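Coordinate inspection notes
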Amino acid sequence: MMLEKQSVVIAGGGSTYTAGIVMMLIENQDKFPLRKLKFYDNDEDRQNIVAKACEVIVKERAPEIEFSATTDPEEAFTDIDFVMAHIRVGGLSMREKDEKIPLKYGVVGQETCGPGGMAYGMRSIPGVVELIDYMEKYSPDAWMLNYSNPAAIVAEATRRMRPNAKIINICDMPVAIKKSIADIVGLESESDIVDRYYGLNHFGWWTEMTDKQGNDLMPKLKEHVAKYGYAAAEGEGNPLLEENSWMDTFQKAKDVYAVDPTTVPNTYLKYYLYPDYVVAHTDPNHTRANEVMDNREKNVFAECERIAAAQTAEDTTIEAGEHAEFIVQLAGALAYNTYERMLLIVKNEGAIVNLADDAMVEVPCIVSKRGYEPLCMGKIPHFQKGMIEQQVAVEKLVVDAFEEKSYQKLWQAMTLSKTVPSASVAKQILDEMIDANGNWWPELN
Ligand code: NAD
Ligand code: LMR
């Protein structure tokens, strides 16, 4: 069957992930053929570094795709079927502050968890909402697939501020974890796993996993996780684990699992269950933002510049973003009605029976031309329910703070976070973050 060709804009064209996503899209032309590929960013110089290389890559490997890069929203968002959005409002330099300010007070400093995630959320909300508005103005039938972080806060904000928008929020972390799980249980690919999972973004648990034949994978998996976390016994496997901080996170899943051995956890729960350990094992002067700037950003941009100068990418080291393939699965399901089963961040409305309807939860959904249909995960136990309700309240308070420009609500959000020990520490962090964020945040009253 001939698949209808699609037109895609990548918003955040200058992202360190874009080149890998372009390679992945080119590799998947049989499943998700493109007629147009556009880049959009609000930083022309940064986008150009990536765009000049991708122009060469597309010309060499898929010349039938019409490629362009622009900072003009009308040009970018006109005649589009899908927006793939991965912006980082404030860039890696603000991420560094999100991480380092809490650490000064002995609190977890992380991109999406704790006060750093809230600070990033306050910056991201208007950026993502602006992309929705461009899409609705210039291509009202398009879908936005958003993986800009912090996805949980962004999802709550877009639910409230643009309730009818065709936006789907999705995260690559469950996919990355399932890649390791496939290795552990001896399956070829994570797409061979059928899972039941519930929670929030970066805050969830798997209750069941089988292969496509229905064989239970949990006993073998649990035996492994209890000893090694999600790291392979010999410490290799998932490409993420080449970086020390990720190796530590995958190994620490062992201790997160120990708290509730009836489920297996998302790795991010370490920030909430072992914040003291995380702080003790973080260098407050060299955080994950520094690691990304020193490695991924430097390497990707140097390679892009090399390709643009050589005008060939034949021998490039840029690899197809392996766990970015979920984006093609999602877009393909919407375009070609494949009824793919995927974990998405959606309005609860009964998917977790004993949780508020208006919480934005991460659960398996069936995706087709009709959009997504969440599957019911039933009732959840006290431990997870307590943790989730606390975290939902934090995320809702951040969006309240943004909408009402309320200092009080943001202070409450930081106070309520499981990562913060007291209201006084929350206040100190908040006050310093207000200074650091300047015009990136609305002025709080
Ligand atoms: P990055 O800073 O390298 O790139 C982000 C790009 O977004 C920059 O070029 C920046 O100029 C642009 N941008 C910022 N604000 C914008 C706005 N309002 N409008 C248009 N463009 C804007 O960041 P990165 O490290 O590549 O991460 C990008 C995002 O993707 C982050 O939110 C990150 O958390 C998320 N993420 C994506 C994946 C994935 O698999 N694709 C995985 C993990 C995280
Ligand atoms: C990133 O890739 O920048 C993050 O979203 C995850 C991380 O810390 O690497």
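Residues numbered from 1 in each chain as written. Chains lettered and ligands numbered in written order. Predicted model: local features only at pLDDT ≥ 70, side-chain atom pairs only at ≥ 80, totals over all residues. Heavy atoms only, no water.

Moving on, we get to the pairing of strand β7 (residues 193-200). The element β7 is extensively covered by neighbouring structure, given that six of its eight residues are classed as buried. Here β7 pairs with strand β8 (residues 203-211) via eight bridges, running antiparallel. Pairing of Asp195 across the sheet is with Met209, part of β8. Between β7 and β8, which pair antiparallel in sequence order, lie two residues; one of them, His202, sits at a positive phi of approximately 55 degrees. (Buried < 20%, exposed > 50% of the residue type's maximum accessible area, 1.4 Å probe, protein only. Helix = DSSP H or I, 4+ residues; strand = E, 2+ residues; numbered from the N terminus. Pairing = 2+ DSSP bridges.)

Moving on, we get to helix α9 (residues 244-259). Given a rise of 1.5 Å per residue, 16 residues ought to cover 22 Å, and the 24 Å separating the end C-alpha atoms of α9 matches this to within 8%. Along its length, α9 shows its largest kink, about 25 degrees, at Lys252. Looking only at α9, the buried set comprises Trp246, Met247, Thr249, Phe250, Lys252, Ala253, Val256 and Tyr257. (Expected span 1.5 Å × (residues − 1). Bend = angle between axes of the 7 residues up to and from the residue.)

Moving on to the UniProt feature "site: Increases basicity of active site Tyr" (unreviewed entry) in the protein chain. As annotated by UniProt and renumbered to match this structure, "site: Increases basicity of active site Tyr" (unreviewed entry) occupies Glu111. Position of Glu111 relative to the elements: it lies in the loop between α4 (91-104) and α5 (114-138). We classify Glu111 as buried; its relative accessible area is 8%. Setting aside its immediate chain neighbours within four residues, Glu111 contacts Arg88, Arg95, Glu99, Gly116, Gly117, Tyr120 and Asn149. Among the polar contacts listed, one links the side chain of Glu111 to the side chain of Arg88, at a separation of 2.7 Å. (UniProt positions renumbered as here; feature names shortened; annotations may be inferred. Contact = heavy atoms within 4.5 Å. Polar contact = N/O pair within 3.5 Å; in protein donor to acceptor, adjacent residues only side chain to side chain.)

Turning to the sheet that holds β8, a few remarks are in order. Strands sit in the order β7-β8-β9 across an open sheet of three strands; the sheet is antiparallel. Strand pairing shows two members of the sheet lacking a second neighbour, β7 and β9 (264-265), which therefore form its edges. The pairing of β8 with β9 spans two bridges and is antiparallel. Across the sheet, Trp206 pairs through a bridge with Val264, a residue of β9.

Here we take up the site of ligand 2. The environment of ligand 2 is made up of Tyr17, Arg88, Arg95, Glu111, Asn149, Trp246, Arg288 and Arg296. Within the side chain of Arg288, an N or O atom sits 2.5 Å from an oxygen atom of ligand 2. Within the complex, 90% of the 260 Å² of free accessible area of ligand 2 lies under protein. Taken together, the residues of the shell around ligand 2 break down into two nonpolar, one polar and five charged. (Near = heavy atom within 4 Å. Areas by Shrake-Rupley, 256 points an atom, 1.4 Å probe, with all protein chains shown as cover. Nonpolar A, V, L, I, M, F, W, Y, C, P; charged D, E, K, R; others polar.)

Here we take up the pairing of strand β3 (residues 66-70). The sheet contact formed by strand β2 (residues 34-40) and β3 spans five bridges and is parallel. Along β3, the bridge assignment pairs Lys38 with Ser68. Following the backbone out of β2, through helix α2 (residues 44-61) and into the adjacent parallel β3, one traces a crossover that is right-handed. (Right-handed = clockwise from strand over helix to strand, strands pointing away.)

Once that is clear, we can look at the site of ligand 1. The environment of ligand 1 is formed by 22 residues, the closest being Ser15, Thr16, Asp41, Arg46 and Tyr120. At a separation of 2.6 Å, an oxygen atom of ligand 1 approaches a polar side-chain atom of Asp41. Within the backbone of Ile87, a nitrogen or oxygen atom sits 2.9 Å from an oxygen atom of ligand 1. For ligand 1, whose free accessible area comes to 860 Å², the fraction covered by protein is 93%.

Let us now look at the packing of α4 against helix α12 (residues 288-310). The N-to-C vectors of α4 and α12 enclose an angle of 150 degrees; their axes lie 8 Å apart at closest approach. Our classification of the angle between α4 and α12 gives roughly antiparallel. Along the contact surface, α4 presents Leu92, Arg95, Glu96, Glu99 and Lys100, while α12 presents Arg288, Ala289, Asn290, Val292, Met293 and Glu297. Partitioned by chemical class, the residues of the contact of α4 with α12 number four nonpolar, one polar and six charged. (Axes fitted to C-alpha atoms, helices over the stretch in contact; angles between N-to-C directions. Parallel < 35°, antiparallel > 145°, perpendicular 65-115°, else oblique.)

Turning next to the UniProt feature "active site" (unreviewed entry) in the protein chain. Following the UniProt record, the feature "active site" (unreviewed entry) maps to Asp172 and Tyr268 here. Of the residues just listed, which span 97 residues, no C-alpha pair is farther apart than 12.3 Å, and they cluster in one region. In this fold, Asp172 is placed in the loop between β6 (167-169) and α7 (173-185). In contact with Asp172, other than residues within four places in its own chain, are His323 and Phe326. Following the sequence through the fold, Tyr268 ends up in the loop between β9 and α10 (270-273). Ignoring any residue separated from it by four or fewer positions in sequence, one finds Tyr268 in contact with Gln110, Thr112, Cys113, Met173, His202 and Trp246.

A separate point is the nonpolar core. Within the largest apolar cluster, 105 residues are counted, with the highest numbers of intra-cluster contacts made by Leu25, Phe32, Leu37 and Tyr230. Ranked by residues supplied to this core, first place goes to helix α13 (residues 325-336) with nine residues. The residues touching Leu37, leaving out its near neighbours within four places in the chain, are Val8, Ile10, Val22, Leu25, Ile65, Glu66, Phe67 and Ser68. Core analysis: the second largest hydrophobic core is formed by 27 residues, Val398, Val399, Leu410 and Trp441 among them. (Core = buried A, V, L, I, M, F, W, Y, C linked by side-chain atoms within 4.5 Å.)

What follows covers the side chain of Arg95. One can find Arg95 in helix α4. Residue Arg95 is classed as buried on the basis of its relative accessible area, which comes to 6%. A distance of 2.9 Å separates a polar atom in the side chain of Arg95 from a polar atom in the side chain of Glu99. Those residues within four positions of Arg95 in sequence are excluded, and the remaining contacts are Arg88, Glu111, Arg123, Arg288, Ala289 and Val292.

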